[in-house]
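So the chains spell out like this:
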Amino acid sequence: MRILPLIIFSAFTAGFVYILDTNAVLPAPLGKLLSPQHGVWQNAEKDNNDFGGELKFPQLKGKVDVYFDERLVPHVFAEQEDDVYFVQGYLHAKFRLWQMELQTHAAAGRASEIIGSKALEHDREFRRMGMGYAAEQSLKAMEADPETKSMCDAYTAGANSYISSLTDSKLPIEYKLIGYKPEPWTNLKTALFLKYMSYDLAGHDNDLEMTNAKSYFNKEDFDLLYPSKQDSADPIIPKETVYAAPKVTVTKPAAADSLYFNNKDLLALHHQNPDRDNGSNNWAVSGKKTKSGAPILCNDPHLGLNLPSLWFEMQLSTPNFNAYGVSFPGAPAIIIGYNDSCAFGFTNGGRDVKDYYKIRFKDDTRNEYFFNNEWKQTEWRVERIKVKDSLDYVDSVAYTLFGPVMYDKKFSGSEQTNNQYYALKWTAHAPSNELKLFYLLDRAKNYADYSAAILNLHTPGQNGAFACKSGDIAIRTQGDWPAKWKGQGDFVMPGTDSTFMWQGMIPADETPYQYNPERGFISSANQHPADSTYPYYLGNDYPIYRGAIINKRLTAMEGITPEDMMALQTNNYNLFAEEVGPVLLKNIKQADLNADEARYLEFMRNWNLNNDAGEKGATVFSLLWNHFYKAVYNDEYKNAPATAMRPFESTLVHAVLRDSAYKFIDNIETTQKESIEDIVTPAFKSATADLKKAAAEGKLEWAKHKATGVIHLTKLEPFSRLNLPIGGGTWCINAAKEDHGPSWRMVVSLTAETQAYAVYPGGQSGNPGSKFYDSFIDQWAQGKYYTLWLMKKEEAADKRVKWKMSFKKA
C-alpha cells in the first residue's frame, strides 16, 4: 500500500496547508486526524484493492456495467442514456470529490468558507468578476435544453449518491487535513466549473496594464514597445485565404488613438490573471499524407500541471453513442477524445473577450450612473461571503449595462483606482450552453454533425479540430467574438456613452475555418487565427513558434504514422533559439569574457537547439535571453508603475532581427549611446552568475534547471511530483514549463479499427494514498504513450478487465 507517514510528518511539521496560493494557516484537529478509525490512515489503499462491487440506486432506469482496466480507466456501458451520466457523476465523486469541490468553491468565490479570511480577497474578486452571475445565466441555458438538463440532473444525482454514502473514515485526505466536509453537488456547480474554465482560458486580459503603459509613455515610444499588429508568420488559416467583405461594419471613435497618452492617470490595480501560456497544440492530417490512408488527429492541451489532474480518462457507451477520452471531474460528457466515427480536440482561441469600462456614478451611493446623457439606475447584487471562524462579509456589487463594477475604492482602495470605477464586460456573462457542444460531439458521425455541434461553443472561444473515418478533416476558430475596431479593448475605455461599446459580434459564417485543405492538414497552436487581410481586429501578441514548427514539419511529412505524430508532440526543437540565438552570439564580445564565461558560451555555441532534458546549452540560452530582455527594458521601466505592461517578447525579437539600432537598446541612464554589443555582453556576464549558481546546485542541465513538477492543489510537496526529467519548454511543441504544459497528449488514427494513444501527467485516483494517484507521470515525462482501448461490451472477459462494478435500479 502507499504509506503516509511522510505526508503526515510534512503536514504537521509545517503546521499548515497552502491553498490557492493564499498561504493560509489551516491546522486540523490532531486527534481526529490521527484516529485509526477515521483519520488519514484510512486513506492508504491496499495494492490489491478491489474496485468492484454491485450497487443499487432508485434513480437508475436500467443496468450499468463498469469495467476497470489495469490503469483504473472505467469503461461504462449503460442501457439507458441518463444512466451513463449518473454513473459518470458517481465515479467522478468517488475518485475526485475534493478536487471537484475545491475548484467550484474557488470559482464561486467561496474559498473563505474553507480556509478563512486569507481567501477573502480572492473571493471578492471572483464575485465582482461576475463568476456566480455568469454561472447562473449559463445554468438557465443548460436547463432550458431538455438534453443537457437531463444529463446534468443525472450527473448531479450520481455525484450525490456517492457523497451521501461517505463516512468520516472514507473522506478524501484533504478534507481531514483541512477540517471540513463535502456538501451536495448541484447543477449550478457544474456551470461554475465550466465558467472557471472560461476564466482560465479567457485569453488576453491586459487592459489595465496596457492602460498604465499608454499613460506613462509618449505615443512614439508606446507604438515601438507595443506594435498594434504582430507578424502572422504562419496563422491558423493559411495566408492568402480570401475573406469576404465583413457583414458587421465597425466604426473607430475619433478619440480612440489619443486616449490616455500622457494623462498620468495611473492605476495601481493588480488582478489575478490565468497563465498567459494556457494554450495547446492540435492538428489533423488527411489520409493522403498518412501511411494507412486514414486521417490522424492529435491534441495536447497546455494547462496547469496539477495533482489531482484536471482530467479523468474514461469511456462512455450507450445504445446511442460510444465515446472515449478525457472528462472534467465536475461535468458530464467526454470533452476531448473520439468515438466510433470521428475524433475531436481543442486549443485556446486566445482572443480578448474581456473589456473594462470607466463608469461615472452620480455620487458615492452608486445608485445611478451616467450613460448617453442620462442617469441610469444601478442594479445591485449583494454577495454574502461566509468566512471560516469569522463573521460573514457582505459585499454589494454594482451592475451596469456593461457588467459588474469589478474595481472601486470599496474593493481596491481609492489609491489604486484614483477614486474611479471600472466595470467588466465579458462574453462569459451571457447565457450559453457549452455542454451541448460535448453532448453532440460525443455522438457525431460526420463533418455535418461536427459543424452543427461546434456552433454551441460560445465561451471560452476555441480552435476545434475534427477528423472522421470518411476522410474529412476540419478546424474552426469558434466562439462569441466581438467585432472590434483596431485597438478596441486593448485599454480601459470610457463608459459614459455607447461610443466605445462593442458594435456587434462576428457572425458564425465569418469565423475563420478550414475544411479539407489542399495542403493535407489543419493545425493550431494558439497563433494568430488569420493574417492581416481578415476584416476584423484579432488583437496582438499571439505565440508564434509552436505553430510555425508544427506546420513546417507537417508540410514536409509523408506516409505519416501514429508513431510519427507521437514524436512530433514530444518534439523539443527550439525554433525561437534558432532565430534569435545567432544574433546574440554574434554580438557577444568574446575578448571581454573570462574563462568561466567563455566555457558557458561554448555550451550554447555547441548546442543542437533541442531543449532535451540533459542539454546545458538550453539553460544558457534561456538565462541569456532573460537577462538580455531585462537589460534592454529595465531602464525605461525604472520609474513606470509596477503594473504597467512589459513589452511583448515578440517585439524585442523582431527588433533585434531587423533593427540593430532599435531605440531601446540604448541605456538612458548612461551618457553614451549603447549598441547591441554593449547590452548583450553584460547580459551574458550577469547570466553567467546564475549559471555558476545552477552548476553548483547541480541544475545546469535543462530539466534540472526548469524543474517541471506536477503540483498538488494544496501545494503540499509530499503530495506533488517535483523535478521531473522532461525537456521542452515555452518555445517548443513539447511546451512543458515549471508547472504548466501538455495536460493530455492524444493521437487518434481513424483506421477501420481505431488506433488511439494517449497519456496525461497524473493518475485516475485523487487519493495520494493510492498507487493510481500519479501512475502516469513517469510515462508522460519520458514521452511515452498508452494504447487506448475503446472496449466492446462483448470483451467483458478480456484479461485487461481487472474489476467490475454493476449498477442496478433499487
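Residues numbered from 1 in each chain as written. Predicted model: local features only at pLDDT ≥ 70, side-chain atom pairs only at ≥ 80, totals over all residues. Heavy atoms only, no water.

Trainee: Can you break down helix 6 (residues 131-144) residue by residue, with the values?
Mentor: An ideal rise of 1.5 Å per residue puts 20 Å on 14 residues; helix 6 measures up with 20 Å between its terminal C-alpha atoms. Those residues of helix 6 lying buried are Met131, Gly132, Ala134, Ala135, Gln137, Ser138, Leu139 and Met142. (Helix = DSSP H or I, 4+ residues; strand = E, 2+ residues; numbered from the N terminus. Expected span 1.5 Å × (residues − 1). Buried < 20%, exposed > 50% of the residue type's maximum accessible area, 1.4 Å probe, protein only.)

Trainee: Could you give an account of the nonpolar core, naming the residues involved and the relevant values?
Mentor: By size, the foremost hydrophobic cluster in this structure holds 242 residues, and its most contacted members are Leu91, Tyr226, Met565 and Phe628. Broken down by element, this core gets its largest block of residues, 14 residues, from helix 3 (residues 81-108). The residue makeup of this core includes at least three contributed by each of domain 2 (77-145 + 172-202 + 356-428) and domain 3 (575-706). Excluding anything up to four places from it in sequence, Met565 contacts Trp283, Ile296, Cys298, Leu554, Met557, Ile560 and Val747. One finds Tyr67, Phe77, Trp789 and Val801 within the second-largest nonpolar core, a separate group that totals 5 residues. (Core = buried A, V, L, I, M, F, W, Y, C linked by side-chain atoms within 4.5 Å. Domains from an automatic or database assignment. Contact = heavy atoms within 4.5 Å.)

Trainee: Describe in detail the packing of aromatic side chains, supporting the description with residues and values.
Mentor: What the rule picks out here adds up to 57 aromatic pairs. Ring geometry for Tyr545 versus Phe576: centroids 5.2 Å apart, planes at 75°, classification edge-to-face. Separated by 31 residues along the polypeptide, Tyr545 in helix 15 (residues 545-556) and Phe576 in helix 17 (residues 575-586) bring together distant segments of the chain. Using a relative accessible area of 0% as the deciding quantity, one classes Phe576 as buried. An aromatic cluster is built from Tyr216, Phe217, Tyr629, Tyr633, Tyr637, Tyr662 and Phe664, whose rings are joined through pairwise contacts. (Phe/Tyr/Trp six-rings, centres within 6.5 Å; stacked < 30°, edge-to-face > 60°.)

Trainee: Which residues make up the sheet that holds strand 3 (residues 74-78), and what values do they have?
Mentor: Pairing between sheet strands relies on hydrogen bonds along the backbone, with the strands arranged either parallel or antiparallel. The strand order across the open sheet built from 11 strands is 1-28-2-3-7-8-9-10-18-19-21, with neighbouring strands paired in mixed fashion. Every other strand in the sheet has two partners, leaving strand 1 (53-57) and strand 21 (513-515) as the edge strands with one partner each. Averaged over all pairs of adjacent strands, the angle between their axes in this sheet comes to 15°, without regard to strand direction. Bridging between strand 3 and strand 7 (residues 312-317) involves 3 bridges; their strand directions are parallel. What sits directly across from His75, in strand 7, is Gln315. (Pairing = 2+ DSSP bridges. Axes fitted to C-alpha atoms, helices over the stretch in contact; angles between N-to-C directions.)

Trainee: An account of the confidence of the model for the protein chain is requested, with residue identities and associated values reported.
Mentor: Averaged over all residues, the pLDDT of the protein chain equals 91, while 91% of them reach at least 70. Predicted confidence is poor over residues 1-27, with pLDDT under 50, and the contacts of this stretch with residues over four places away or in other chains come to 69 contacts. This model gives residues 33-41 a pLDDT under 50, and the stretch forms 25 contacts once residues within four places in sequence are excluded. (pLDDT = per-residue confidence, 0-100.)

Trainee: Go over the pairing of strand 7 with me, naming the residues and quoting the values.
Mentor: With 6 of 6 residues buried, strand 7 lies mostly within the body of the structure. Residues Phe312, Met314 and Leu316 line one face of strand 7 and the alternating positions Glu313, Gln315 and Ser317 line the opposite face, and both faces are buried. In the sheet, strand 7 pairs with strand 8 (residues 322-327) via 6 bridges, with the strands oriented antiparallel. The residue bridging Met314 from the neighbouring strand is Gly325, located in strand 8. Where strand 7 folds back on strand 8, the antiparallel hairpin that results is connected by 4 residues.

Trainee: So, helix 14 (residues 447-454): which residues are in play, and what are the values?
Mentor: If you check which residues of helix 14 are buried, you get Tyr447, Tyr450, Ala453 and Ile454. An end-on view of helix 14 places all buried positions within 125° of arc, on one side of the element. Packed against the buried residues of helix 14 are strand 10 (342-348), helix 13 (434-441), strand 18 (462-468), strand 19 (473-478) and strand 21. The N-cap residue of helix 14 is Asn446: its side-chain oxygen and the backbone nitrogen of Ala448 are 3.2 Å apart. (Arc of directions from axis to C-beta. Polar contact = N/O pair within 3.5 Å; in protein donor to acceptor, adjacent residues only side chain to side chain.)

Trainee: Kindly report on unusual backbone geometry, identifying the contributing residues and their values.
Mentor: The omega angle of the peptide bond from Leu307 to Pro308 is -10°, so this bond is cis rather than trans. Between Thr459 and the following residue, Pro460, the backbone shows a cis peptide bond with an omega angle of 5°. Within the fold, Pro460 resides in the loop between helix 14 and strand 18. At Ala707, a residue that is not glycine, the phi angle is positive and equals roughly 55°. Position of Ala707 relative to the elements: it lies in the loop between helix 22 (702-706) and strand 23 (711-712). You will see that Asn723, though not glycine, has its phi angle at about 50°, which is positive.

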